[in-house]
Amino acid sequence: SVGFIGAGQLAFALARGFTAAGVLAAHKITASSPDTDLPTVSGLRKMGVNFTVSNKDTVKSSDVLFLAVKPPIIPFILEEVGPDIEARHIVVSCAAGVTISSIEKKLSTFCPTPKVIRCMTNTPVIVREGATVYATGTHADVEDGKLLEQLMASVGFCTEVEEDLIDAVTGLSGSGPAYAFTALDALADGGVKMGLPRRLAVRLGAQALLGAAKMLLESEQHPGQLKDNVCSPGGATIHALHFLESGGFRSLLINAVEASCIRTRELQHLADQEKISPAAIKKTLLDKVKLESPSLSVASASKVSLFTNKSKKN
Amino acid sequence: GAWPRAAMEASELWVGFVGAGRMAGGLVRGLLQAGKVPASNILASAPSDKNLDAWRELGCRTTHCNLEVVHRSTLVFLATKPHILPGVLEEIRPAVGPHHIVVSLVAGVTIQTLQRLLPPWTKVLRIMPNLPCVVQAGAMVFSRGSNAGDEEAALLKSLLSSCGLCEEVPESYIDIHTGLSGSGVAYVYLFAEALAEGAVKMGMPGALASRIAAQTLLGAAKMLLETGEHPAKLRGDVCTPGGTTIYALHQLEKGALRATVMNAVEAATNRACDMAKD
């Protein structure tokens, strides 16, 4: 059985994907979140997923536990559910920039050999065309990795990588769908400008990218060669490509992947320094934090140190 | 009198050059290299001896009389400057016969113009070489006029392949060839210079940097030609993840190098078209 700490976009997408793939029945999935107003919560409920506001309940009823919250929340979650983590649990963190070692360090105060896997996936898991990589932690066995791989392969492409590549993957396929949506929006604008109705333009644009991606994945040929195959001499396509080149299209994409990767590392670095800006935490959670940990102070320097609150557990 | 029989065997071919400048010199060196035409069968004309000395050194015959070239040759290369050509054609026209094969190297002069200024049954071909013909690494394209047949095309191709790549094309490609390869050679020189300058900036002596730059271009081009692989693939093969090459390529992409090069080819091609109209 699978549990999701967090019931936002990622949990929803994965739950939807797993159930559609038939690898997991909805009732074997539990998801939890303190915020019941999220639109994804009702979506999960409709799917037949067990929804609860108790993260501890999720942990208790899962073997594979996905941490599907935003990166700044991870330390809070680990603090909260750490005591309930047992040897059987496989903790899968999907949080960008959060290292295996930071999770293991946090959990080891509760459990001597926590099985941790770090994973980077993307939203198209929802339509079972996700791109996922994972890296296994110190105590995760080969079978644990394979189990995760089986799950994630049911919703798209999944492969194991060295952890140090995960930030680059974030920049490329993690953020990638956003680049594609931007491109599609603009392509549709182009279609509309030249006279197409918007809906048709969107449909055709999306199909063109889908088809091109499929051709590339199924072909042995280099994308440059596939591009050439479309460009008849003096024709429409080569004229259009010249515009793209003039605009530095390629370099913009390279810049984007680089920026996303670098930002991921920055955020990780901030997290490692155990400093977090309050703006990164939703207000409700921040209030909860203040309530439960009065020794935690939101410094006027606008940085919160997460671990000044020493846990009394051993 | 009767016209001489057309000679199609290279060994009995009498080859003439009207104009003996650099381009013609490059082609003749290629011909001689190929060993298909003896130097003594080659006759070149030019107004002054300035260029002709080099031809004599190769063993060719020389003259100052264009008509003599036409009288004594079957295959006649026209290699004058564009503004000279009309006058030269008027001069040699009476001597041009059906056995002649006239090949024009003259930039911007169309087959239509050539055929208009020569007798109506003349076998005319037009060729656009590029500078590295002089070192037998040229890129040439040629087109046929209305009376030039497969035999003439085959002869030209077999003679000139010794100078480099020689392909028959529709005449409309000739201006594009100018933009790509005729002028293209200059783009490469510019790139080579810039490469070397980058190296000098980083501390390498200029002469060494220049030689290495040239060898880099040569080697890369050789790999392209010999492997037949797509340049994008070869580029990818050099790019180790997170390595030096991909960092450098990013800089080139930021500078929109690709688009700039496309612009250059387009500008030169358009200019060639415009000049041909003049």
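Higher on the page you've got the structure.
The shown structure was predicted, so the numbers you read here are calculated from the model rather than taken from an experiment.

Trainee: What is the right way to read the pairing of strand β6 (residues 115-120) of chain A from this model?
Mentor: Regular strands have side chains that alternate between both faces of the sheet. Residues and elements named next belong to chain A. Of all six residues making up β6, six are buried, and the element is well covered by its neighbours. Residues K115, I117 and C119 point to one face of β6 and V116, R118 and M120 to the other, with burial holding for every one of them. Bridge count between strand β5 (residues 90-93) and β6: four bridges; the pairing is parallel. Considered in β6, the bridge of V91 is made with V116. Strand direction decides the pairing type here: β6 and strand β7 (residues 130-136), joined by four bridges, are antiparallel.

Trainee: I'm lost on the sheet that holds β7(A) in this one. Help?
Mentor: Sheet strands line up and pair through hydrogen bonds in the backbone, either parallel or antiparallel. Residue and element names in this part refer to chain A. Taken in spatial order, the eight strands of this open sheet run β3-β2-β1-β4-β5-β6-β7-β8, and their pairing is mixed. Only two strands of the sheet have a single neighbouring strand rather than two, namely β3 (50-52) and β8 (156-160). Each adjacent strand pair in this sheet contributes to an overall mean axis angle of 20 degrees, direction not counted. Bridge analysis of strand β1 (residues 2-5) against strand β2 (residues 29-32) gives four bridges, and the strand direction is parallel. Each residue of the ladder has a partner; that of V2, found in β2, is I29. Here helix α1 (residues 9-21) sits on the sheet in contact with β1, β2 and β4 (64-67), set at roughly 165 degrees to β1.

Trainee: Help me understand the interface of chain B and chain A in this model?
Mentor: As a measure of interface size, the accessible area lost when the parts come together is often cited. Each side of the interface is counted separately: chain B has 13 residues, and chain A has 14 residues. Summed over both partners, the interface of chain B with chain A comes to about 1200 Å²; 62% of that surface belongs to carbon and sulfur atoms. For the chain B face of the interface with chain A, the top three residues by lost area are B:H230, B:H250 and B:M262, together amounting to 41%. For the interface between chain B and chain A, the tally reads zero salt bridges. At the level of secondary structure, the elements contributing two or more residues to the side of chain B that touches chain A comprise α10 (231-238), α11 (244-254) and α12 (257-277) of chain B. Looking at the side of chain B that touches chain A element by element, the count peaks at five residues for α12(B). Partitioned by chemical class, the residues of the side of chain B that touches chain A number four nonpolar, three polar and six charged.

Conventions we followed
Residues numbered from 1 in each chain as written. Chains lettered and ligands numbered in written order. Predicted model: local features only at pLDDT ≥ 70, side-chain atom pairs only at ≥ 80, totals over all residues. Heavy atoms only, no water. Buried < 20%, exposed > 50% of the residue type's maximum accessible area, 1.4 Å probe, protein only. Helix = DSSP H or I, 4+ residues; strand = E, 2+ residues; numbered from the N terminus. Pairing = 2+ DSSP bridges. Axes fitted to C-alpha atoms, helices over the stretch in contact; angles between N-to-C directions. Contact = heavy atoms within 4.5 Å. Buried area = accessible area lost by both parts, 1.4 Å probe. Salt bridge = Lys/Arg side-chain N within 4 Å of Asp/Glu carboxyl O. Nonpolar A, V, L, I, M, F, W, Y, C, P; charged D, E, K, R; others polar.

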